[in-house]
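Breakdown of the fold
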Amino acid sequence: DAQKLAKQQRVDIAARGSKQRDKAHIRKTKSVPFSYEYGSYDLEVPYTEIKLSDTPGVGPNAPFHDYNTEGPKCDPKEGLKPLRLDWIRDRGDIEDYEGRRRNLQDDGKRAIKRGRATKEWRGRTHQPMRAKDHPVTQMWYARHGIITPEMQYVATRENCDVELVRSELAAGRAVMPCNINHPEAEPMIIGSAFLTKLNANMGNSAVTSSIDEEVEKLTWATKWGADTVMDLSTGNDIHTTREWILRNSPVPIGTVPMYQALEKVEDDASKLSWELFRDTVIEQCEQGVDYMTIHAGVLLRYVPLTANRVTGIVSRGGSIMADWCLRHHQESFLYTHFDELCDIFAKYDVAFSLGDGLRPGSLADANDAAQLSELMTLGELTERAWAKDVQVMIEGPGHVPFDTVRMNIELEKAVCHGAPFYTLGPLTTDTAPGYDHITSAIGATEIGRYGTAMLCYVTPKEHLGLPNKDDVKQGVIAYKIACHAADIAKHHPHAMDRDNAISKARFEFRWLDQFNLSYDPDTAIAFHDDTLPAEPAKMAHFCSMCGPKFCSMAISQNIRKAFGGEAAQQQIVADAVTGKIPEGVETPANPVTDDTVVSANVLSPEEILAGMDAMGE
Ligand code: IRN
Ligand code: FE2
């Protein structure tokens, strides 16, 4: 019974924590008027306001404003409001068409029959749209000097100049994944000049979970801060599941269309064809998928390079393509039909996420010929996509020793002409299954610091099983930390504001503010209340770690009172808020601009390029 009681107490504490969070975290929008030649709008740009309490004896603390990924609340069966629909239509460069709506309806009916969806769900409310006569990509607009409402929205979100957004998009150094058929999504940008983003993967292979549960997972991931979500479903009702996810997603959705294509040929890779793949891609474009992983760099002649690897090919998409190439002894149709794929993507504004099908799956395989050959091909494909104004990001490893992490991003920038890098971790050791959110967040922080634009999370279940809700949260929080630490190391403007606010709250024993400013208030409050659950402890000048007599923060405050006087104390508090650095302390050099050379015991980018030349590449 004591055990039961303890468990109940833990549940109560957790519930209290999340109630506390919801009370203090308010999603608000800032209204920004915008006009251009196609229309005038009030852009409602979201942010999270975190309410803070007063500093006793000093005064109020301004609420903290944070980037918001959560989206507005909605009934999942209704879906979100199509925020961008007018912006898209008013440009006058798209047309409505029938598309594959009938397929969708049939698929929906089957899902209802199987009991995975319910009849009340309304499904899509708008016609599929596509470009009429020129690409409708944000890159195309940017290159034609047009500042779109999407760009202004993003600039407000990122707190930067809109010209930076336009010029980074035009140069291909940033992507804004925003399919015209996913008007519900709130525009966001992925590029090294902006806040580092994180992607959470979901979707399952089992047929047991209902579509409602999939939508709930999406909402859960964005609640904790996922900037994009990839739906990697392979089970039944894949089309309808994705439709629900898209209609409910405030963040861009990515997919790997190869998984659905394989489903269509009953998992027999040899039966895949360009035509079948193309139709799958168009189906997903019409639904509104914002970016797609395309493993077009896995060439026939690279497959033998993996023969002596410790872990072979670990990418699912990569292994499917390698299998197809070998069976047919033909070059990959993704590569031979790449230009056609670009033409399709340009019609809907779908961004390429060029897959790292030959990424290393172990430290032993890192930075080998297979990985780097594929990267060279991705560089070539980047230029082909850009020639058609299609947005591109490049997927990266994998498992990589820490000292070669920086080399990987520098090499990607050089070989892929500055296209944004999107990396899976990388994991810095193979030895900690169960903790791979940590082994990989270490590599992710390092690679983010040197300019990786988006980090693909890894959950504690990596290598072990399908992540559940708690694993998703653990993965997202680990990657929030990696992104944020990278932004601070990059000296991104204002990146440290949140640290300063939470440190001030900590020093002033504003416990609730400390919890609410943390990435996971629920856990922070639960840990605190584990030993000091009574309400007055939230104002106490100590916690249970050191007890009342040995709290260093309380002692420091007493020292200040004794020696500093009130004016000096207020000055210290004020300096903490503005982040002013005391005289005589040197700030570290900017790691992005200083040109310290990495000491990697691998080939330099030049040596690798020379080697590729010799190979006839
Ligand atoms: C990200 C960077 N490298 C790989 N990824 C992600 O891995 C990618 O975005 C997608 O979610 C997943 C694809 O896995 P396969 O098919 O390459 O194993
Ligand atoms: Fe792995």
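Scope of this entry: the structure provided in the associated data block. Since we're looking at a predicted model, the values are computed, not measured.

Conventions we followed
- Residues numbered from 1 in each chain as written.
- Chains lettered and ligands numbered in written order.
- Predicted model: local features only at pLDDT ≥ 70, side-chain atom pairs only at ≥ 80, totals over all residues.
- Heavy atoms only, no water.
- Buried < 20%, exposed > 50% of the residue type's maximum accessible area, 1.4 Å probe, protein only.
- Helix = DSSP H or I, 4+ residues; strand = E, 2+ residues; numbered from the N terminus.
- Pairing = 2+ DSSP bridges.
- Near = heavy atom within 4 Å.
- Polar contact = N/O pair within 3.5 Å; in protein donor to acceptor, adjacent residues only side chain to side chain.
- Areas by Shrake-Rupley, 256 points an atom, 1.4 Å probe, with all protein chains shown as cover.
- Contact = heavy atoms within 4.5 Å.
- Axes fitted to C-alpha atoms, helices over the stretch in contact; angles between N-to-C directions.
- Donors = N, O, S within 2.8 Å, 3.2 Å for Na, K, Ca; no water.

Some thoughts on the pairing of strand E11 (residues 291-294)
Here E11 shows no split at all, with Tyr-291 and Thr-293 on one side and Met-292 and Ile-294 on the other all buried. Pairing analysis gives two bridges linking strand E10 (residues 253-255) to E11, with the strands arranged parallel. By the bridge assignment for E11, Thr-255 is matched with Met-292. The sheet contact formed by E11 and strand E12 (residues 351-354) spans four bridges and is parallel. By the bridge assignment for E12, Tyr-291 is matched with Ala-351.

Some words on the site of ligand 1
Near ligand 1 there are 17 residues, and of these Tyr-259, Ser-315, Arg-316, Gly-317 and Asp-356 occur at the shortest range. Contacts to ligand 1 include Gly-317, whose backbone N or O atom sits 2.9 Å from an oxygen atom. Gly-396 has a polar backbone atom sitting 3.1 Å from a nitrogen atom of ligand 1. Burial of ligand 1 by the protein chains amounts to 96% of its free accessible area of 420 Å². Counting only elements with at least two residues in the shell around ligand 1, the list comes to helix H11 (316-328), strand E13 (392-396) and strand E14 (421-424).

Some thoughts on the environment of Leu-262
Locating Leu-262 in the fold gives a position in helix H9 (residues 257-264). By relative accessible area, which is 14% here, Leu-262 ends up buried. The sequence separation of Leu-262 and Phe-277 amounts to 15 residues, and the corresponding C-alpha distance is 8.8 Å. Setting aside residues up to four positions removed in sequence, Leu-262 forms contacts with Asp-267, Asp-268, Ala-269, Leu-272 and Ile-320.

As for the sheet that holds E10
With parallel pairing, the eight strands of this closed barrel are ordered in space as E8-E9-E10-E11-E12-E13-E14-E15. Averaged over all adjacent pairs, the angle separating strand axes in this sheet is 25°, with direction ignored. Contacts between helix H14 (residues 369-387) and the sheet are confined to E12 and E13, with E13 contributing the most and set at about 165° to the helix.

A few points about the side chain of Thr-428
Checked against the element boundaries, Thr-428 lands in the loop between E14 and helix H16 (436-449). In this structure Thr-428 comes out as buried when scored by relative accessible area, which is 15%. Engagement of the side chain of Thr-428 in a polar contact is seen with the backbone oxygen of Thr-439, the distance being 2.9 Å.

Observations regarding the coordination of the iron ion (ligand 2)
For the iron ion (ligand 2), every protein donor is listed as His-399 (NE2) and His-463 (NE2), and the spread of their distances is 2.2 Å. Of the two residues, His-399 sits in the loop between E13 and helix H15 (405-415) while His-463 sits in the loop between strand E15 (454-456) and helix H17 (469-489), which places them 64 residues apart along the sequence. We classify His-399 as buried; its relative accessible area is 7%.

Here we look at the pairing of strand E9 (residues 228-231)
Consecutive residues of a regular strand have side chains that alternate between opposite faces of the sheet. Residue alternation in E9 divides its side chains into two sets, Thr-228 and Met-230 and Val-229 and Asp-231, and both sets are buried. The sheet contact formed by strand E8 (residues 197-202) and E9 spans four bridges and is parallel. Along E9, the bridge assignment pairs Met-202 with Asp-231. Across two bridges, the pairing between E9 and E10 is parallel. For Met-230, the partnering residue across the bridge sits in E10 and is Gly-254.

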